[in-house]
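Coordinate inspection notes
Residues per chain are reported as follows:
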Amino acid sequence: MANCFLCGAKVGMFDVGAYIENIQICSSCDTLLRNNVNNVFAMCHTDEELDQSQKLIVEKFQTQFSDDKLEVLKKHIAHIKNIYSANMKKNNE
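This structure is a prediction, so every number in the text was calculated from the model and none was measured.

On to the overall build of the protein chain. Tallying secondary structure elements over the protein chain gives 3 helices and 4 strands in all. Order of helices (α) and strands (β) in the protein chain, N terminus to C terminus: β-β-β-β-α-α-α. Relative to its full complement of 93 residues, the protein chain shows a buried share of 34%. The contacts of the protein chain with a sequence gap of at least 6 include a subset with a gap of at least 24, amounting to 44%. Split by element, the accessible area of the protein chain, about 6,100 Å² in all, is 51% carbon and sulfur. Of note, the protein chain has its 10 positive side-chain charges centred 3 Å away from the centre of its 12 negative side-chain charges.

Here it is, written out as structure tokens:
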């Protein structure tokens, strides 16, 4: 059994957690990220909105996570933002 990178909880074989930057997280932390990253980016309609949302998300996580975890989260957030940005551009073609 592994431990969740973000919260340290045990990730059991029946936990349907996820991976961020190839690091395992539990389903609770996966839900936290989806609610605070994916759902927020899904509401954006421009790259400027994505950039502003990214800043706000990182600011929020700064109070919740240590610096080493925050660096991994920043990479993950930037990756998700780039996906949403590419999809916006594709949909506007």
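Let us now look at the nonpolar core. Within the largest apolar cluster, 23 residues are counted, with the highest numbers of intra-cluster contacts made by L6 and F61. Listed by contribution, the elements that provide at least two residues to this core are β3 (18–20), α1 (27–42), α2 (47–62) and α3 (67–91). When residues no more than four places from it in sequence are discounted, the contact partners of L6 are I20, I25, C29, L33, F65, K69 and L73.

Direction vectors running N to C along α2 and α3 enclose 160 degrees, while the axes themselves pass 10 Å from each other. Between α2 and α3, the angle falls in the class roughly antiparallel. Crossing geometry of α2 relative to α3 is assigned as right-handed. Counting all contacts with α2, which are made through D47, L50, D51, Q54, I57, V58, F61 and Q62, the residues of α3 involved are L70, L73, K74, I77, A78, K81, Y84, S85, M88 and K89. Taken together, the residues that form the contact of α2 with α3 break down as 10 nonpolar, 3 polar and 5 charged.

Take the environment of S66 next. Mapped onto the elements of the fold, S66 is located in the loop between α2 and α3. Polar side-chain contacts of S66 include one of 2.4 Å to the side chain of D68.

So, on to the packing of aromatic side chains. Each aromatic ring pair is described using two quantities: the centre-to-centre distance and the angle formed by the ring planes. Taken as a whole and judged by the stated rule, the model has 2 aromatic pairs. Ring plane angle 55 degrees and centroid distance 6.0 Å describe the contact between F41 and Y84, whose orientation is recorded as tilted. Placement of F41 in helix α1 and of Y84 in helix α3 is noted, with a sequence separation of 43 residues between them. Accessibility expressed as a relative area gives 1% for F41, which makes it buried. Here Y84 falls in the partly exposed class, since its relative accessible area comes to 23%. Aromatic pair F61 and F65: ring centres 5.6 Å apart, planes at 75 degrees, arrangement edge-to-face.

Here we take up the confidence of the model for the protein chain. On average, residues of the protein chain score 92 in pLDDT, and 100% of them reach the 70 mark or higher. Element-level pLDDT for the protein chain is lowest in strand β2 (residues 10–11), with a mean of 88, against a maximum mean of 96 in α2.

Rules used in this analysis
Each residue is numbered by its place in its chain's sequence as written, counting from 1. Side-chain atom pairs in this predicted model are given and counted only at pLDDT of 80 or more, local residue features only at pLDDT of at least 70, and totals for whole chains, interfaces and linings cover all residues. In computing side-chain values, all of the structure's heavy atoms are included and hydrogens and water are not. Secondary structure elements follow DSSP: runs of H or I no shorter than four residues count as helices, runs of E no shorter than two count as strands, and numbering proceeds from the N terminus. Residue burial is assigned from relative accessible area. The probe radius is 1.4 Å, only protein chains are included, and a residue is buried under 20% of its type maximum, exposed over 50%, and partly exposed in between. Throughout, a contact is declared for two residues whenever any of their heavy atoms are within 4.5 Å. The protein chains shown are the only cover counted for residues, whose accessible areas, like all others here, come from Shrake-Rupley with a 1.4 Å probe. In this tally Asp and Glu are treated as negative and Lys and Arg as positive; neither His nor the chain ends contributes. The atom standing in for a charge is NZ when the residue is Lys, CZ when it is Arg, CG when it is Asp and CD when it is Glu. Nonpolar cores were defined as sets of buried Ala, Val, Leu, Ile, Met, Phe, Trp, Tyr and Cys residues, with membership established by side-chain atoms within 4.5 Å. Between the N-to-C directions of two axes lies an angle of 0 to 180 degrees, each axis being a line fitted to C-alpha atoms and, for a helix, fitted only over the stretch in contact. Oblique is the label for any angle not covered by the other classes, which are roughly parallel (under 35 degrees), roughly antiparallel (over 145) and roughly perpendicular (65 to 115). It is the rotation of the near helix from the far one that decides the hand of a crossing: anticlockwise by less than a right angle makes it left-handed, clockwise makes it right-handed. Polar here means any residue outside two lists: the nonpolar Ala, Val, Leu, Ile, Met, Phe, Trp, Tyr, Cys and Pro, and the charged Asp, Glu, Lys and Arg; Gly therefore counts as polar. Counted as a polar contact is a pair of N or O atoms within 3.5 Å, where, for protein atoms, one must be capable of donating a hydrogen and the other of accepting one, and residues adjacent in sequence contribute only when both atoms are in side chains. Ring pairs shown here join Phe, Tyr and Trp side chains whose ring centres sit within 6.5 Å, with only the six-membered ring taken for Trp; geometry is labelled stacked below 30 degrees between planes, edge-to-face above 60, and tilted in between. What pLDDT reports is the predictor's confidence in each residue, on a scale of 0 through 100.

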